[in-house]
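Single-letter residue listing:
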Amino acid sequence: MRIISGIYKSRKIKAPKQLPVRPTTDMAKESLFNILNNLYYFDDIRVLDLFAGTGNISYEFASRGTKDITCVDAHLGCVKFIETTAQQFEMPIVSIKKDVYKFLETAGNTYDIIFADPPYSFSDAEFTEISNLVFKNNILEPEGILIVEHSKHTDLSQVAYFSYAKNYGGSVFSFFEIIEKNKAL
């Protein structure tokens, strides 16, 4: 995987093969950040990366100037890899080993952007529970966005707070918001 933009642009990060991950493709990641770049100043936001895996999305935020990034993953190998990489590049990333659903029950902080990249094999109920917990526990800032990455075979358009979806090959980003924003996307 490589970092698309920012101070670490073009840096390649090689994750160990034994990690149970499916990193977001460069094409999808670049498209996602083109959307976010028009909505946020990256150095002014707090980001929560759920099911963080290799930390691919968090590194992109850090490279673009985000100073407050929290990664959550239940796999110890993923958490250790993110910690090592963040130290190596001096990135402001806090990595937490915890079940994502349990973390969302007790988060205690709010975030401007919450990115969730659970396994594509999740059931509709498992995907829906992510959104339910984020909004029930008021973890998202009022002007914030929850983004859930999933396969094109999953449809989250009927989930509460759904705003819109963007397709990139076999991946889809579904966006959830507290309030409807008048955006031309």
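Note that this is a predicted model, so its numbers are computed, not measured.

*Asks:* What's the story with helix H3 (residues 76-88) in this structure? I'm lost.
*Replies:* Residue pairs spaced three or four apart in an α-helix point in one direction, given the helix's 3.6 residues per turn. Here H3 contains 13 residues, and its C-alpha end-to-end distance of 18 Å stays within 8% of the 18 Å for a straight helix at 1.5 Å per residue. Along H3, the residues that are buried comprise Cys 78, Val 79, Phe 81, Ile 82, Thr 85 and Ala 86. One side of H3 carries all its buried residues, which in axial view fall inside an arc of 160°. In H3, the exposed positions angled more than 90 degrees off the buried face are occupied by Gln 87 and Gln 88.

*Asks:* Honestly, the packing of helix H1 (residues 26-37) against helix H2 (residues 56-63) in this entry has me stumped. Any pointers?
*Replies:* The geometry of H1 relative to H2 is characterised by a closest axis approach of 12 Å and an angle of 45° between their N-to-C directions. Taken together, the axes of H1 and H2 are oblique relative to one another. The handedness of the crossing between H1 and H2 is right-handed. Between H1 and H2, the contacting residues are Lys 29, Leu 32, Phe 33 and Leu 36 on the first element and Asn 56, Ile 57, Glu 60 and Phe 61 on the second. A breakdown of the residues in the contact of H1 with H2 according to their chemical character gives five nonpolar, one polar and two charged.

Calculation notes
- Note that residues are indexed from 1 along each chain, following the sequence as it is written.
- A pLDDT threshold of at least 70 governs which residues receive local features in this predicted model, and a stricter bar of 80 or more applies before side-chain atom pairs are shown or counted, although totals over entire chains, interfaces and linings include all residues.
- Neither water nor hydrogens contribute to the side-chain values; these are computed over all heavy atoms in the structure.
- A helix here means a DSSP run of H or I that spans at least four residues, while a strand means a run of E at least two residues long, and both kinds are numbered starting from the N terminus.
- Residue count minus one, scaled by 1.5 Å, sets the expected span of a helix.
- For every residue, the accessible area (1.4 Å probe, protein chains only) is compared with the maximum for its type, and the residue is labelled buried under 20%, exposed over 50%, or partly exposed between those bounds.
- To obtain the arc, one takes the directions from the helix axis to the C-beta atoms.
- Between the N-to-C directions of two axes lies an angle of 0 to 180 degrees, each axis being a line fitted to C-alpha atoms and, for a helix, fitted only over the stretch in contact.
- When an angle is under 35 degrees it counts as roughly parallel; over 145 it counts as roughly antiparallel; between 65 and 115 it counts as roughly perpendicular; any other value is oblique.
- Handedness of each helix crossing follows the sense of rotation of the near helix against the far helix: counterclockwise by less than a right angle gives left-handed, clockwise gives right-handed.
- Whether two residues are in contact is decided by their heavy atoms, any of which lying within 4.5 Å being enough.
- In this count, Pro and Cys sit with the nonpolar residues alongside Ala, Val, Leu, Ile, Met, Phe, Trp and Tyr, while Asp, Glu, Lys and Arg are called charged and the others, Gly among them, polar.

These values are about where atoms sit, not about what they do.
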